[in-house]
Amino acid sequence: MTDTTEDRDIAWARGRTDELGDLLRTSGQIGDEVPVGPEASGTERLVAFLGRRS
């Protein structure tokens, strides 16, 4: 993945999705978390958390 997101924006997005908990997943708005390796960037980790693949 070549696109990057600022750390503060990643933290904000992750905080918001954590606040809403399973509601986002059960409603189908985001998928199940996708595993990533330890070398994954913050952007890749956020995308994976949202159930998407880069």
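S.K.: Mind showing me how you'd approach the pattern of salt bridges here?
M.R.: As a working rule, side chains carrying opposite charge can pair if their charged atoms are close by. Overall, the coordinates contain three salt bridges when judged by the stated rule. In this structure, D9 and R8 form a salt bridge, with 4.0 Å as the shortest nitrogen-oxygen distance. One salt bridge connects R16 with E19, and the closest N-O pair in it is separated by 2.7 Å. Of the two residues, R16 and E19 both sit in helix α1 (residues 7-20), three residues apart, roughly one turn of that helix.

S.K.: How do you make sense of helix α3 (residues 42-49) when you look at a structure like this?
M.R.: Because each turn of an α-helix spans 3.6 residues, side chains separated by three or four positions end up pointing in the same direction. Of all the positions in α3, only T43, L46, V47, A48 and F49 are classed as buried. Those residues of α3 that are buried lie in contact with α1 and α2 (23-26). Looking one or two residues past α3, G51 carries a phi angle of roughly 85 degrees, positive in sign.

S.K.: Help me understand α1, please; the structure alone is not making it clear to me.
M.R.: With 14 residues, α1 extends 20 Å between its outermost C-alpha atoms, agreeing within 8% with the 20 Å of an ideal straight helix rising 1.5 Å per residue. Taken together, the buried positions of α1 are I10, A13 and T17. Viewed end-on, α1 has its buried residues packed into an arc of 70 degrees, placing them on one side of the element. Along α1, exposed side chains directed more than 90 degrees from the buried face belong to D7, R8, A11, W12 and E19. Against α2 and α3 lie the buried residues of α1.

Definitions and limits used
- Residues numbered from 1 in each chain as written.
- Predicted model: local features only at pLDDT ≥ 70, side-chain atom pairs only at ≥ 80, totals over all residues.
- Heavy atoms only, no water.
- Salt bridge = Lys/Arg side-chain N within 4 Å of Asp/Glu carboxyl O.
- Helix = DSSP H or I, 4+ residues; strand = E, 2+ residues; numbered from the N terminus.
- Buried < 20%, exposed > 50% of the residue type's maximum accessible area, 1.4 Å probe, protein only.
- Contact = heavy atoms within 4.5 Å.
- Expected span 1.5 Å × (residues − 1).
- Arc of directions from axis to C-beta.

Read these as geometric descriptors, not functional statements.
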